[in-house]
Amino acid sequence: MAKNKIENKIRQLRFENGQMTQSDLASKVKVTRQTILSLEAGRYSPSLELAFRIARAFQVPLEEVFQYPSG
Amino acid sequence: MNISAREKNIWIEFTITAVVSLYYFYSSYRLSGWTQIVGYDMGILVMNVIVLSVVASIILSVLFSRENPEQKDERDLVIESRGNALGYYFLTLLCCTLIGTIMLSEGILSIGETATLTAQTSSINSAVAMHSLMVALLVSALLKQATQLFFYRRG
């Protein structure tokens, strides 16, 4: 899976939410820790459903977690 | 090495497939040189291959305490489908190549000529065709597992 253009602030949001671990987030959104690791590294683009679940886990709008820069 | 239970299971499957492939091709070459089938001995060889697969699976499971991986998530499914796709393309390619080779060797494509598929006239006999199909099956299985491992290792 090549680097994609979708950027995210999952790592930053984890630390802003009480130093949430990757495992904690993974169990909250029902994926494996490796998937969270790949997402943070920008090697995997989540499905729309997973993106919404992650945003909901941080209680923020989707666009605060994921960005798709133009160009 | 940080390795998930699912990845570990794929490594075990990959190792078993590789060992069984090596055993099958080495034994069948020693048996018949890949050009003719010796009925009884080939039957024994196929039985040995099945027994070897089961024994290797048990030994590796015990050695590496095969774990029950957690439920597949969407990334696991994406990686699995990529492996399946590549394995399937390779299998299709090898099967089409084999069919094409048989057709060419039989002169089936010759215009205005009558061609018959017989073991006596064919340069590709049933033993070679069978080994070629085994190559296609085993290599595509290895390719599928190797693709999955590649994507898991990339993270």
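Asks: I'm lost on the packing of helix 3 (residues 74-106) of chain B against helix 4 (residues 126-154) of chain B in this one. Help?
Replies: To characterise two packed helices, one gives the angle between the axes of the helices and the distance between these axes. Residue and element names in this part refer to chain B. Remark: helix 3 packs on helix 4, axes separated minimally by 8 Å, with the N-to-C direction vectors making an angle of 160°. Compared by their axis directions, helix 3 and helix 4 come out roughly antiparallel. As helix 3 runs across helix 4, the sense of the crossing is right-handed. Residue classes in the contact of helix 3 with helix 4 are distributed as 17 nonpolar, 8 polar and 3 charged.

Asks: Please clarify how helix 4 (residues 48-58) of chain A should be interpreted in this entry.
Replies: In an α-helix, one turn spans 3.6 residues, which is why side chains three or four residues apart end up on the same side. All names here are of chain A. Turning to helix 4, its buried residues are Ile 54, Ala 57 and Phe 58. Seen along its axis, helix 4 keeps its buried residues to an arc of 95°; they face one direction. More than 90 degrees from the buried face of helix 4, the exposed residues found are Leu 48 and Glu 49. Structurally, helix 4 contributes buried residues whose contacts are with helix 1 (10-16), helix 2 (22-29) and helix 5 (62-65). Positive backbone phi, at 55°, marks Gln 59, one or two positions downstream of helix 4.

Conventions we followed
- Starting afresh in each chain, residues are numbered from 1 along the sequence in its written order.
- Labels are handed out in written order, letters beginning with A for the chains and numbers beginning with 1 for the ligands.
- With pLDDT at 70 or above as the cut-off, local features in this predicted model cover only qualifying residues; side-chain atom pairs require 80 or more to be listed or tallied, and sums for whole chains, interfaces and linings still use all residues.
- Axes, fitted as lines to C-alpha atoms, cover a helix only where it is in contact. Angles between the N-to-C directions of the axes lie from 0 to 180 degrees.
- Starting at the N terminus, helices and strands are each numbered in turn, a helix being any DSSP run of H or I of at least four residues and a strand any DSSP run of E of at least two.
- Working rule for angles: under 35 degrees goes down as roughly parallel, over 145 as roughly antiparallel, 65 to 115 as roughly perpendicular, anything else as oblique.
- Each crossing gets its hand from how the near helix is turned against the far one by less than a right angle, where anticlockwise is left-handed and clockwise is right-handed.
- Each residue is assigned to one class: nonpolar for Ala, Val, Leu, Ile, Met, Phe, Trp, Tyr, Cys and Pro, charged for Asp, Glu, Lys and Arg, and polar for all the others, Gly among them.
- Exposure is read from a count of other C-beta atoms within 10 Å of each residue's own; the residue is exposed at 12 or fewer, buried at 20 or more and partly exposed in between. C-beta atoms are placed from the backbone.
- Our arc is simply the arc of the directions from the helix axis toward the C-beta atoms.
- For the purpose of contact definition, each residue receives a C-beta atom placed from its backbone, and two residues are in contact when these atoms lie within 7 Å.

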